[in-house]
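Chain by chain, the residues run as shown.
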Amino acid sequence: MTGHYDVIVVGGGHAGIEASHAAAKMGCRTLLITASIERIGEMSCNPAIGGLGKSQLVREIDALGGLQGRLADRGGIHFRRLNRSKGPAVQSTRIQCDKAVYREFARRVLEETANLAIWQDKVEGLYIEGERVAGIDARGAGRIRAHTVILTPGTFLAGMLHIGDRSFSGGRLGDAPSNSLAKTLRVLGFKLGRFKTGTPPRIDGRTLNTEKMESQSGEEPPLGISFFTRRKLRNQVECYLTRTTSVVHEIVKENLDRSPLYAGKIKGTGVRYCPSIEDKVVKFADAESHRIFIEPEGLSTREVYPNGISTSLPLDAQIEMVHAVPGLENTEFTRPGYAVEHDYVQPTQLFAWLETKMIRDLFFAGQINGTTGYEEAAAQGLIAGINAARRVKGIDPFILGRDSAYIGVLIDDLVTKGTNEPYRMFTSRVEYRLLLREDNAHARLSGIGRRIGLLRAKDFRKVEAVETATSATMDRLVKIKPALSRINKVMEAKGIKPLTQKVSLNDLLKRPELHITDLEGLDKALTELAPVVKERVEIETKYSGYIARTLEEIERFHRIEKVKIPEDVTFHDIPGLSNEVIEKLDDIHPSTLGQASRISGVTPVALLAMFRYFKGGDPDEKKPEA
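Residues numbered from 1 in each chain as written. Predicted model: local features only at pLDDT ≥ 70, side-chain atom pairs only at ≥ 80, totals over all residues. Heavy atoms only, no water.

Novice: I keep staring at the overall build of the chain and nothing clicks. Help me out?
Specialist: For the chain, the count of helices and strands is 19 helices and 20 strands. Taken against the 2.2 N^0.38 rule, which gives 25 Å for 626 residues, the C-alpha radius of gyration of the chain at 26 Å falls within 12% of a compact globule. Projected onto the principal axes, the alpha-carbon positions of the chain cover approximately 75 × 70 × 50 Å. In the chain, once contacts between residues fewer than 6 apart in sequence are set aside, the share between residues at least 24 apart is 72%. Just so you have it, the chain exposes about 26600 Å², and 49% of that area is on carbon and sulfur atoms. (Helix = DSSP H or I, 4+ residues; strand = E, 2+ residues; numbered from the N terminus. Rg over C-alpha atoms; globule rule 2.2 N^0.38 Å. Contact = heavy atoms within 4.5 Å. Areas by Shrake-Rupley, 256 points an atom, 1.4 Å probe, with all protein chains shown as cover.)

So this is what it looks like as structure tokens:
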């Protein structure tokens, strides 16, 4: 532990993995410090990656050169594409993972990454010089100096576990919290809050009665989430669906006075979109039942995860409740469910590149910023790692906009609006979700990943090959106009009214009733296309009109969004701003007018005043032609 590191990453969870890997890959001497090397990449809650609004984040991490998508495919044992019946903007991949394989592969990748050292220790404080961080203080190694530090403590920051009337310190069951680090942040003056998350009991899969449940098979052929996975994917387990009943709900209600959540012991705000069974029963009192997904935790264990009954009820009430669920009547517990309370830092105290405003060269990523979920954590870790490395190299920060990535929306929401509840990504949060789809993440971002030094050349060439084939195919579809008789044979086979004149294959593919596979008889070259190319061609063709209109909206959006606000600006000097607006701008200090526009209370009049101050004229004013 001698010498001076470029980047120190504190925490070996999903944010810490991406941060340390990115910084090291970009050529920085990096140290990852974790309380347990064996638990790097631990899936503390549900054993899955992806899902609605989350798989888009994973695909973007993958496109930039991050790890989470590759780890998920490597550990994947059950693969599904969600929202198949809906449009491509909201379709999402979800992969059930073998927790042990995911964890072991994550550790192996990090251990094989050049420029990256791993050290098991407990970080108890930060070493500050003036207005910047200069290293960390560890329990075992003492002071370790660094140019930049990234904190990714997850739920460990002053973590407290609750099971009924029993409460004890911990970041998760069996692991000690980071109390000293939480105290350090408070002493330094950061505004901290308190959030709550939770997990269900784990049960022995051998004691399930699956005949009373609905089978949930994986899709065939299984679709991975990483664009670069070459190994053959296989569905190796079956998942199941069961539901709570009125009896279950009554058991919960009878024990609410023993729940730390409703007895007032838990002060932190819980996750609105992934509530405990106690919250579900109380807040959705009219619901007759709630779904429970039975998810195996791996191939080398019989333990299963009953997704949907997160709880902090006393253990005896948990057992009674679970045994009232169809198919779980005789299940044996392996671990109790519990709630976790932890500190978080209000993320408006960060710049858009995840550096703290108060202390330079200090970055935060993951649940410390008020988020929930492996995917949200990994996305932040990647951006923090990239920007810590760029700081070391003296390069301007890297920021993704709301119009270019889900990651951009995630971080902009956090640093601009803050959060008063654990933040979870949804497709509904993304204004331009038709452009920011899962299928085109690599077309959007792999060039950036290559330029910043994370994405390998051979991986980028694979993306280029797909995009070249997609573009060439779309051009060909516009030019090919088969004979009317051939077209109408296809129409007849699909039960569609015949046409009266020839049209191009491009026009045919725009029809909602037809898919690219239906046109293979009209253009044999289509049969030779890779599935990923077929998917890209069909989506880009069918939604071309919508995409064009969205691009026009983004062009108008850019007139204000891209106007930068200097770091040293004094908002009091800008004519036309009210004291209320000035106070909010001073608090957040947005980096662009677009970010300023999303701060509550910043009016259109104030935005116009700032536009005139920084650019002169009005945003819709047209410049005279030269």
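Novice: Got a minute to help me understand empty space enclosed by the protein in this structure?
Specialist: Summary: where empty space remains is shown by rolling a probe the size of a single water molecule over the atoms. If you walk through the whole model with that rule in mind, you get five cavities of 30 Å³ or more. The calculated volume of the largest cavity comes to roughly 60 Å³. Lining the largest cavity we find Arg59, Arg81, Pro88, Gln91, Glu438, Asp439, Glu535 and Ile539. Here the residues of the lining of the largest cavity sort into two nonpolar, one polar and five charged. (1 Å grid on protein atoms, 1.4 Å probe; cavity = no way out; pocket = protein on both sides within 12 Å on 5 of 7 lines; lining within 4 Å. Points joined across faces, edges and corners; volume = space filled by probe spheres on them. Nonpolar A, V, L, I, M, F, W, Y, C, P; charged D, E, K, R; others polar.)

Novice: Would you mind going over the environment of Ile292 with me for this structure?
Specialist: For Ile292, the position within the fold is in strand E16 (residues 291–296). In this structure, the C-alpha to C-alpha distance between Ile292 and Leu241, residues 51 residues apart in sequence, is 5.8 Å. Apart from the residues lying within four places of it in its own chain, the contact partners of Ile292 are Tyr240, Leu241, Thr242, Arg243, Thr244, Pro306, Asn307, Ile309 and Val325.

Novice: Explain the nonpolar core to me, please; I cannot follow it from the model alone.
Specialist: Across soluble globular proteins, nonpolar side chains show a tendency to be buried alongside one another. Core analysis: the biggest nonpolar cluster contains 105 residues, and Ile8, Ile136, Val149, Leu151, Leu185 and Ile407 have the highest contact counts within it. In terms of nonpolar packing, the next biggest core, distinct from the first, is built from 23 residues, Leu477, Leu514, Ile516 and Val537 among them. (Core = buried A, V, L, I, M, F, W, Y, C linked by side-chain atoms within 4.5 Å. Buried < 20%, exposed > 50% of the residue type's maximum accessible area, 1.4 Å probe, protein only.)

Novice: Explain the sheet that holds strand E3 (residues 48–50) to me, please; I cannot follow it from the model alone.
Specialist: Sheets are built from strands that pair by backbone hydrogen bonding, the pairs being arranged parallel or antiparallel. The strand order across the open sheet built from three strands is E3-E5-E4, with neighbouring strands paired in antiparallel fashion. Because the sheet does not close on itself, it has two edges, and the strands there are E3 and strand E4 (76–82). Shown here is a sheet whose adjacent strand axes are inclined to one another by a mean of 20 degrees, direction ignored. Direction of pairing for E3 relative to strand E5 (residues 92–97): antiparallel, over a ladder of three bridges. Residue pairing for E5: Ala48 is matched across the bridge by Gln96. Strand contacts of helix H3 (residues 68–75): E3, E4 and E5, with the helix running at about 115 degrees to E4, the strand carrying the most contacts. (Pairing = 2+ DSSP bridges. Axes fitted to C-alpha atoms, helices over the stretch in contact; angles between N-to-C directions.)

Novice: I would appreciate a short explanation of the UniProt feature "binding site: FAD" (unreviewed entry) in the chain in the present structure.
Specialist: The sites that carry the UniProt feature "binding site: FAD" (unreviewed entry) are, in the present numbering, Gly11, Gly12, Gly13, His14, Ala15, Gly16, Val123, Ser178 and Gln367. For Gly11, the location among the structural elements is in the loop between strand E1 (4–10) and helix H1 (14–25). Structurally, Gly16 can be placed in helix H1. Here Gly16 falls in the buried class, since its relative accessible area comes to 0%. Excluding anything up to four places from it in sequence, Gly16 contacts Val9, Gly11, Leu32 and Thr152. (UniProt positions renumbered as here; feature names shortened; annotations may be inferred.)

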